[in-house]
There are 2 protein chains.
Amino acid sequence: MSVSRDEFRDAMARLGAAVNVVTTDGIAGRAGFTASAVCSVTDDPPTLLVCLNRASRGNALFKRNGVLCVNTLASGCRSLSDAFAGKGGLDTDGRFALAQWSRLVTGAPVLDDAAVVAFDCRIAEVLEKGTHSVLFAEIEAIRQGAPGGALIWYRRGYHPVGEVEAV
Amino acid sequence: MSVSRDEFRDAMARLGAAVNVVTTDGIAGRAGFTASAVCSVTDDPPTLLVCLNRASRGNALFKRNGVLCVNTLASGCRSLSDAFAGKGGLDTDGRFALAQWSRLVTGAPVLDDAAVVAFDCRIAEVLEKGTHSVLFAEIEAIRQGAPGGALIWYRRGYHPVGEVEAV
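To start, this report covers the structure provided alongside it.

Conventions and cut-offs
Residues numbered from 1 in each chain as written. Chains lettered and ligands numbered in written order. Predicted model: local features only at pLDDT ≥ 70, side-chain atom pairs only at ≥ 80, totals over all residues. Heavy atoms only, no water. Helix = DSSP H or I, 4+ residues; strand = E, 2+ residues; numbered from the N terminus. Rg over C-alpha atoms; globule rule 2.2 N^0.38 Å. Buried < 20%, exposed > 50% of the residue type's maximum accessible area, 1.4 Å probe, protein only. Contact = heavy atoms within 4.5 Å. Areas by Shrake-Rupley, 256 points an atom, 1.4 Å probe, with all protein chains shown as cover. Lys, Arg positive; Asp, Glu negative; His and termini not counted. Charge placed at Lys NZ, Arg CZ, Asp CG, Glu CD. Pairing = 2+ DSSP bridges. Axes fitted to C-alpha atoms, helices over the stretch in contact; angles between N-to-C directions. Least-squares fit on C-alpha atoms with pLDDT ≥ 70 in both. Polar contact = N/O pair within 3.5 Å; in protein donor to acceptor, adjacent residues only side chain to side chain. Buried area = accessible area lost by both parts, 1.4 Å probe. Salt bridge = Lys/Arg side-chain N within 4 Å of Asp/Glu carboxyl O. Nonpolar A, V, L, I, M, F, W, Y, C, P; charged D, E, K, R; others polar.

## Re the overall build of chain A
- Helix and strand counts for chain A come out as four helices and twelve strands.
- For a compact globule of 167 residues, the expected C-alpha radius of gyration is about 15 Å, and chain A comes in at 15 Å, within 12% of that figure.
- Considered along the principal axes of its C-alpha atoms, chain A spans approximately 40 × 40 × 40 Å.
- Taken over 167 residues, chain A has a buried fraction of 56%.
- The long-range share in chain A, meaning contacts at least 24 apart out of those at least 6 apart in sequence, stands at 64%.
- Carbon and sulfur atoms form 47% of the exposed surface of chain A, whose accessible area is close to 6700 Å².
- Each charge sign in chain A was given a centre, from 17 positive and 18 negative side chains, and these centres are 8 Å apart.

## A look at the sheet that holds strand 5 (residues 46-53) of chain B
- On the basis of which strands lie adjacent, the open sheet formed by seven strands has the order 3-2-6-9-10-5-4 (chain B) and antiparallel pairing. Each edge of the open sheet carries a strand with a single partner, namely strand 3 (31-35) and strand 4 (38-43) of chain B. Recorded for the sheet is a direction-independent mean angle of 30 degrees between the axes of neighbouring strands.
- By the bridge criterion, seven bridges tie strand 5 of chain B to strand 10 (residues 132-144) of chain B in an arrangement that is antiparallel. Note on strand 10 of chain B: the bridge partner recorded for B:Leu52 is B:Ser133.
- Lying over the sheet, helix 1 (residues 5-12) of chain A contacts strand 4, strand 5, strand 9 (115-129) and strand 10 of chain B, oriented at roughly 110 degrees with respect to strand 10 of chain B.

## Some details on the relation of the copies chain B and chain A
- Relative to chain A, chain B is turned by 180 degrees and slid 0.0 Å along the rotation axis, the superposed coordinates differing by an RMSD of 0.0 Å. Such values leave the two copies arranged in the relation of a two-fold axis. Closest approach to the rotation axis among the C-alpha atoms of chain B is made by B:Ala17, whose C-alpha sits 2.4 Å away.
- Mapped onto chain A, 100% of the interface residues of chain B are again interface residues, and the two copies thus contact each other with one and the same surface.

## Brief notes about the side chain of A:Asp43
- Note on placement: A:Asp43 falls in strand 4 (residues 38-43).
- At a separation of 2.5 Å, a polar atom in the side chain of A:Asp43 contacts the side chain of B:Arg9.

## With respect to the interface of chain B and chain A
- Facing 66 residues of chain B, the contacting portion of chain A comprises 66 residues.
- Of the roughly 5300 Å² buried where chain B meets chain A, counting both sides, 66% is carbon and sulfur surface.
- Summed over the three residues of chain B that lose the most area to chain A, namely B:Phe8, B:Arg14 and B:Asp43, the buried surface amounts to 13% of that side.
- Counting every contact that joins chain B to chain A gives six salt bridges.
- The salt bridge involving A:Lys129 is made with B:Glu125; its shortest N-O contact spans 2.7 Å.
- For the side of chain B that touches chain A, the secondary-structure elements that each account for two or more residues are helix 1 (5-12), strand 1 (17-18), strand 4, strand 5, strand 9, strand 10, strand 11 (150-154) and strand 12 (157-161) of chain B.
- For the side of chain B that touches chain A, the element with the most residues is strand 10 of chain B, which contributes eight residues.
- By residue class, the composition of the side of chain B that touches chain A is 36 nonpolar, 17 polar and 13 charged.

Pasting the structure below:
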């Protein structure tokens, strides 16, 4: 291929993105991971997508449960992001113990305080693309968090945005 | 549906994202639009996706040309973003006249100075989802821009990130 994996990753580090903890629960058990590859798809029906590594332990759990919640992190939540990204070596129970969670409609864990917004979704379609699964998820419920800043991942570091007025 | 279009849009405004000018050129002609719904999919082969409104004038042009370039904007480029988002009423030629462009491999217009990174891509697959087309695009070439900050769209406003060191 003309673009190497390292070139691709270095370039993608410049595509800034919100930091989300994506969770699931259900018949296959509870899981969660930190994701920046999340985006809006269509408002009819309200749908977003999440890209999930096919080699990850959680991949099969998300598909079997058929539900997920995208918790978009507030600017102060770097340690929660790190934990769900696998830094620190906590197991699933250890990660979830770091915050307070509740449920909305689907049963996927929804952050109580640490999210600027949470999207509670049912997985409607899965497309396998190379190393990743693209999960198309229809939104069944939304929880708006408190007003305030969000956490952005850019050039391999965390950046707060929106703590002051937009410029 | 249980989540209204307005609720969906208000919630999506809290999912911060990089601001990109996505361009095409070829047999169907030149077009460009401002997009925040862009994300990395897989590094094998290096692939990203772009969501494009099916009702937009450019939709058919992108598909016929079969190529696109994602130009991820630097923090100072709000006016370029506004122009390609349709604010100000400029036509296609007027929008492109606002910046300097060149070509890499596919022939899609690549920003010379205003991007932190540019992904020159060939459209490999299109998935229609409700109001939007999801364009899966394989990356044929990359141009890294100068170091510096990027432009983030969050809560319906622009925010610079990365102009100082990550925190």
